[in-house]
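# Summary of the model geometry
What follows is each chain in one-letter form.
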Amino acid sequence: MARPKIALIGAGQIGGTLAHLAAMKELGDVVLFDIAEGVPEGKSLDIAESGPSEGFDAKLKGTQDYADIAGADVCIVTAGVARKPGMSRDDLLGINLKVMKSVGEGIRDNAPDAFVICITNPLDAMVWALQKFSGLPTEKVCGMAGVLDSARFRHFLAEEFNVSMKDVTAFVLGGHGDTMVPSLRYSTVAGIPLPDLISMGWTTKEKMDAIVQRTRDGGAEIVGLLKTGSAFYAPATSAIEMAEAYLKDQKRVLPCAAHCDGDLGVKDMYVGVPTVIGAGGIERVVNIKLTKEEQEMFDASVTAVKGLVEACKAIDSSLA
Ligand SMILES: NC(=O)c1ccc[n+]([C@@H]2O[C@H](COP(=O)([O-])OP(=O)(O)OC[C@H]3O[C@@H](n4cnc5c(N)ncnc54)[C@H](O)[C@@H]3O)[C@@H](O)[C@H]2O)c1
Ligand SMILES: O=C(O)C[C@H](O)C(=O)O
């Protein structure tokens, strides 16, 4: 049986890391596409030359030609620009929207059966636009953010409780911006919800609030440290987790930016919600019940995403 084909659109910091991870995990053969001549070719060759030591047989190809992504099973999109200190993710909207148009059309014309994971920021608006530009079914187009934001939340919680991060679960909902909603009630240590751990005296509400805020600021914290761009190791790992769930029909329950059509009260928009990912793509959105306070935070986040979607429509009339 032929190996799955994974197309990575964008061969920058995340694209290169994705290619390395996909090859090492032998998820399939990898095509790295980028408009920057030589970059995808150089990274592909470099990673292929790590194969003999690592022991993988995955084939890697770098290209500037969309025809090379033909028949891809998965497309992961990182093409565009990343923010620098002093910028918000939303400042990237104008420039990255144009990139989503060319990428969407490239996928539509060459890999219409792929499961598409968008990473480019501002995430929720870009995945919405990418789905419109590509015309692929909504269940086959999603965005990566919730897995990353939840991983950051889990990391901070594991440090606070001094326990293995394997025993910490967390859910971050809403848009991938300052208004994201890290949920205390749906986050646990070995199944014990965080509010119970506060009651048990393991931690305090103040400490949890500080971790929630650090999670919301997680992307900016890395941008402030790196100064030249944004996070790429954890974002790549998060997207690979989603791609693997699709390729292996794992039915993973993962938070991601999924198309909501009435789910959690959201209509025809992409926003971070719990989903099941399997061979059908986004097989279901898990319609969790939110408390009044959580719903207000979630609604505020949805309103922020809605504003970005309206901005996309104002820039590109084909989206209106
Ligand atoms: N969703 C998330 O959680 C998350 C996390 C981290 C980064 N991001 C976003 O991911 C994106 C990529 O980040 P990065 O660190 O890899 O950036 P990067 O600058 O290292 O790489 C981006 C690549 O896109 C390429 N590119 C630009 N226009 C293109 C086009 N039209 N077609 C094909 N390729 C094109 C560039 O040549 C570059 O190699 C950014 O928008 C960043 O904000 C999102
Ligand atoms: O913060 C950024 O600009 C990149 C990304 O969205 C992140 O959360 O790391």
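Rules used throughout
Residues numbered from 1 in each chain as written. Chains lettered and ligands numbered in written order. Predicted model: local features only at pLDDT ≥ 70, side-chain atom pairs only at ≥ 80, totals over all residues. Heavy atoms only, no water. UniProt positions renumbered as here; feature names shortened; annotations may be inferred. Near = heavy atom within 4 Å. Polar contact = N/O pair within 3.5 Å; in protein donor to acceptor, adjacent residues only side chain to side chain. Areas by Shrake-Rupley, 256 points an atom, 1.4 Å probe, with all protein chains shown as cover. 1 Å grid on protein atoms, 1.4 Å probe; cavity = no way out; pocket = protein on both sides within 12 Å on 5 of 7 lines; lining within 4 Å. Sits in = over half its atoms within 2 Å of the grid points. Helix = DSSP H or I, 4+ residues; strand = E, 2+ residues; numbered from the N terminus. Disulfide = S-S within 2.5 Å. Salt bridge = Lys/Arg side-chain N within 4 Å of Asp/Glu carboxyl O. Buried < 20%, exposed > 50% of the residue type's maximum accessible area, 1.4 Å probe, protein only. Contact = heavy atoms within 4.5 Å. Phe/Tyr/Trp six-rings, centres within 6.5 Å; stacked < 30°, edge-to-face > 60°. Pairing = 2+ DSSP bridges. Axes fitted to C-alpha atoms, helices over the stretch in contact; angles between N-to-C directions. Domains from an automatic or database assignment. Buried area = accessible area lost by both parts, 1.4 Å probe.

As named in an unreviewed UniProt entry, the protein is Malate dehydrogenase, taken from Sagittula marina. Quoted verbatim from the Function (unreviewed entry) field of UniProt, the annotation for the protein is "Catalyzes the reversible oxidation of malate to oxaloacetate." Per UniProt, the protein carries the Sequence similarities (unreviewed entry) text "Belongs to the LDH/MDH superfamily. MDH type 3 family."

### Some details on the site of ligand 2
Close to ligand 2 lie Arg83, Arg89, Asn121, Leu148, Arg152, His176, Gly219, Ser230 and Ala231, which account for all nearby residues. With respect to ligand 2, the side chain of Arg83 contributes an N or O atom lying 2.5 Å from an oxygen atom. In the environment of ligand 2, an oxygen atom lies 2.8 Å from a nitrogen or oxygen atom belonging to the side chain of Asn121. Across the complex, the protein chains shield 95% of the 260 Å² of accessible surface that ligand 2 would expose by itself.

### Quick word on the site of ligand 1
Surrounding ligand 1, one finds 28 residues, the nearest of these being Gln13, Asp34, Val81, Ile119 and Met144. For ligand 1, an oxygen atom lies 2.8 Å from a polar atom in the backbone of Gln13. His176 places a polar side-chain atom, nitrogen or oxygen, 3.3 Å from an oxygen atom of ligand 1. Surface burial for ligand 1 is 86%, taken as the share of its 860 Å² of free accessible area covered by protein chains. According to the grid-proximity analysis, the pocket containing ligand 1 is the largest pocket. Broken down by secondary-structure element, the contributors of at least two residues to the shell around ligand 1 are α1 (13–24) and α4 (93–110).

### As for the state of the cysteines
In the structure shown here, the tally under the stated rule is 0 disulfides. Cys142 supplies the cysteine sulfur nearest to Cys256, a cysteine that is in no disulfide, at a spacing of 4.6 Å. Considering cysteine sulfurs only, Cys256 is the nearest to Cys260, which forms no disulfide, with 9.3 Å between them.

### Section: the pattern of salt bridges
Taken as a whole and assessed by the stated rule, the structure comprises 16 salt bridges. Of the charged contacts, one joins Glu244 and Lys248 as a salt bridge, the two residues approaching to 2.7 Å between their closest N and O atoms. On the accessibility criterion, Glu244 (14% relative accessible area) is buried. Between Asp261 and Lys267 there is a salt bridge, with its nearest N and O atoms 2.8 Å apart. Its relative accessible area of 48% is what places Asp261 among the partly exposed residues. Judged by relative accessible area, Lys267 falls into the exposed class, the value being 59%.

### Section: the environment of Val285
Relative to the elements of secondary structure, Val285 occurs in strand β12 (residues 281–285). According to the relative accessible area criterion, Val285 is buried, its value standing at 14%. Sequence spacing of Val285 and Ser164 is 121 residues, and the spatial spacing of their C-alpha atoms is 28 Å. If sequence neighbours within four positions are ignored, Val285 has contacts with Ala258, His259, Asp263, Leu264, Val273, Pro274 and Thr275.

### Some details on the packing of aromatic side chains
Any aromatic ring pair is given by two values, namely how distant the centres are and how the planes are angled relative to each other. Scanning the model with the defined rule gives 4 aromatic pairs in all. Here the aromatic rings of Phe115 and Tyr246 are separated by 4.5 Å at their centres, their planes lie at 20°, and the arrangement is stacked. Taken together, the residues Phe115 in strand β5 (residues 115–118) and Tyr246 in helix α10 (residues 233–247) connect sequence positions 131 residues apart. Of the two residues examined, Phe115 and Tyr246, each falls in the buried class.

### Some remarks on the sheet that holds strand β9 (residues 192–193)
Taken in spatial order, the 3 strands line up as β7-β8-β9 in an open sheet, and their pairing is antiparallel. Each end of this open sheet is capped by a strand with a single partner; those strands are β7 (168–173) and β9. Here strand β8 (residues 181–189) pairs with β9 via 2 bridges, running antiparallel. When the bridges of β9 are listed, Thr188 appears paired with Pro193. Packing against the sheet, helix α8 (residues 205–216) makes contact with β7 and β8, and its axis sits at approximately 120° to β8. Sheet strands touched by helix α11 (residues 292–315): β7 and β8. Its angle to β8, the strand with the most contacts, is close to 135°.

### A short note on the domain arrangement of the protein
Here the protein is described as being made up of domain 1 (5–144) and domain 2 (146–310). Measuring from the centre of the C-alpha atoms in domain 1 to the corresponding centre in domain 2 gives 22 Å. Contact residues are listed per partner, giving 39 residues for domain 1 and 44 residues for domain 2. Broken down residue by residue, the surface that domain 1 buries against domain 2 is led by Arg89, Asp124 and Met144, which jointly contribute 20%. Summed over the shared surface of domain 1 and domain 2, the result is 2 salt bridges.

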